[in-house]
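Here's the letter readout for the chains.
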Amino acid sequence: MPLLQTRTAAAALLSLLAAPAFALPFTAQDIEEAKFPPEQMEQTGATAAGMTATGTGVGSTDLQSGSSGLSSGASATAQTGNSQGNTTQTDAQAEAEAEEDDGQDALTAKLQILLDRAGISPGVIDGYKGGMSETALRAFEAREGLPVDGELDADVWAALGGPSAAQLTKQYTITQDDFARLHNGALPDDYADLAKLEWIGYTSVTEKLAEDFHMDEDFLIALNAGTAFEPGQTITVANVEAPLPQGTVARIVVDKPTSRLIAYDGSGAVITDYPVTVGSESTPSPSGTMKVNAIAPEPTYSYNPELNFQQGDNDEFLTLPPGPNGPVGIVWIDLDKPTYGLHGTPYPAGLFKNQSHGCVRLTNWDAQELAELVSAGLDAGGVMVEFAE
């Protein structure tokens, strides 16, 4: 049997064996029909804010020449060891985590999809109330000139198009291409073993599909309970199709207290807003203002224990291959401060809980979108990045 077919069969078998991590308390139709109920909100004191997210990014990245955002003939190497690992949470993140798991419902899932479509990322779509969606609501309210309180009310619901919103979910037919470049089995933890691979890919088709549609993997599986996730099978996914946010990015603000990244155009108008993981007090993200040097899609990762940190027993320089499950995800946005950048993460569902060793992590899909917007900004004269305390 050809290798691709073998990997496809193995991945399909894993999907067959995988059971939902939880029973979803609502259906896709419930998401479509969910309405904002102010009376119920007043009685319960609940807010339609929430979800979980965490993250991990690591090491260093070789910016490959020819990638978008690089000027003709340009190349660069960014040491990104500052983004490795998870550390103690800030008070803001601890408070947000305490609000997590406040229930999972169809209205929150609908809200997350609407925020995503509106260009304000909620991170992963999972239907959970909590701190992550509250920060997204605050970002949306600020952009729209509404009172900023992080709570869903009639004005916010109307601005999001909630009363008339339709097709919040859609049907997708799994193809053979969805199984391409999957890693057969669990990925090794040791960097020396990862360095032997050609591609650090997704470990299951459900992981790949969840990222394609900005969903938590467990949420995707639960929404399609009983599905084998095989080629030719039709599944239900979040409908996050939306045009690329309009505008040319001139300035980016990484707001450390709120763990959000805001992209502005030259006039100061907000183009888009993403949740991020930033550094801790002991290994902080940088302060001040710097500029974007270049963009590297599908970056390799340069591990240098003498410059950054030591992973396991690895005391020699290693180059890890690219891939969505690599330490810096699917794209690297290089800053002019050595070893720092904005990048993707292999752990989108953990983005908001943890802290990096200095770099700024986004979900892979948000990092890709930001890279497209920043690329246009580089062509227009450059993009500055400010780290707000």
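Values in this document were obtained by computation on a predicted structure and should not be read as measured data. What you see as residue numbers is a count from 1 along each chain, following the sequence as written. Local features in this predicted model are restricted to residues whose pLDDT is 70 or higher, and side-chain atom pairs enter the listing and the counts only when it is 80 or higher, whereas totals over whole chains, interfaces and linings include all residues. Side-chain numbers come from the whole structure's heavy atoms, not from hydrogens or water.

A closer look at unusual backbone geometry
- One non-glycine residue, Glu298, lies in positive phi territory at about 45 degrees.
- Helix and strand definitions follow DSSP, with helices as H or I runs of at least four residues and strands as E runs of at least two, each counted in order from the N terminus. Looking at the element boundaries, Glu298 is found in the loop between strand E8 (288-297) and strand E9 (300-303).
- For every residue, the accessible area obtained with a 1.4 Å probe (protein chains only) is divided by the maximum for its type, and the residue is called buried under 20%, exposed over 50%, and partly exposed between those limits. When its relative accessible area of 34% is taken as the criterion, Glu298 is described as partly exposed.
- The phi torsion at Thr339 lies on the positive side, around 80 degrees, for a residue other than glycine.
- Within the fold, Thr339 resides in the loop between strand E11 (331-335) and strand E12 (341-343).
- For Thr339, a relative accessible area of 12% translates into the label buried.

Topic: the pattern of salt bridges
- Here, a salt bridge means any side-chain nitrogen of Lys or Arg that lies within 4 Å of a carboxyl oxygen of Asp or Glu. In this structure the tally under the stated criterion is 10 salt bridges.
- When the shortest N-O distance is used, the salt bridge between Asp193 and Lys196 registers 3.7 Å.
- Salt-bridge contacts for Glu386 lead to Arg251; the nearest nitrogen and oxygen are separated by 3.3 Å. In this pair, Glu386 sits in strand E14 (residues 384-388) while Arg251 sits in strand E5 (residues 251-255), placing the two residues 135 residues apart along the sequence.
- Residue class for Glu386 comes out partly exposed when judged on its relative accessible area of 29%.

What about empty space enclosed by the protein?
- Only protein atoms enter the 1 Å grid used here, on which a cavity is any set of points holding a 1.4 Å probe that cannot leave and a pocket is any open set flanked by protein within 12 Å on both sides along at least five of seven lines; residues with an atom within 4 Å of a point are listed as lining. Grid points are joined across faces, edges and corners, and a volume is the space filled by probe spheres set on the points. Evaluation of the coordinates by the stated rule reveals two cavities of 30 Å³ or more.
- The space that makes up the second largest cavity amounts to roughly 30 Å³.
- Every residue lining the second largest cavity is listed: Pro299, Thr300, Tyr301, Pro321, Pro322, Gly323, Gly326, Pro327, Val328 and Gly329.
- We call Asp, Glu, Lys and Arg charged. Ala, Val, Leu, Ile, Met, Phe, Trp, Tyr, Cys and Pro are nonpolar, and the rest, Gly among them, are polar. Looking at side-chain class alone, the lining of the second largest cavity contains six nonpolar, four polar and no charged residues.

Side note on the sheet that holds E8
- What makes two strands pair is DSSP finding at least two bridges between them. Pairing in this open sheet of eight strands is mixed, and the strands run E7-E6-E5-E14-E8-E11-E12-E13 from one edge to the other. Here the strands that pair on one side only, and so sit at the sheet edges, are strand E7 (270-275) and strand E13 (360-361).
- Relative to strand E6 (residues 260-264), E5 runs antiparallel, the two being bridged by five bridges. Within E6, the residue paired with Val254 across the bridge is Leu261.
- Across the sheet, helix H11 (residues 364-379) touches E5, E6, E7, E8, E11 and E12, and the angle it forms with E7 is around 145 degrees. The criterion used for residue contact is that any of the two residues' heavy atoms lie within 4.5 Å. Each axis is a line fitted through C-alpha atoms, and for a helix only the stretch in contact is used; angles between axes span 0 to 180 degrees, taken between their N-to-C directions.

Any functional reading would require information that these geometric values do not contain.
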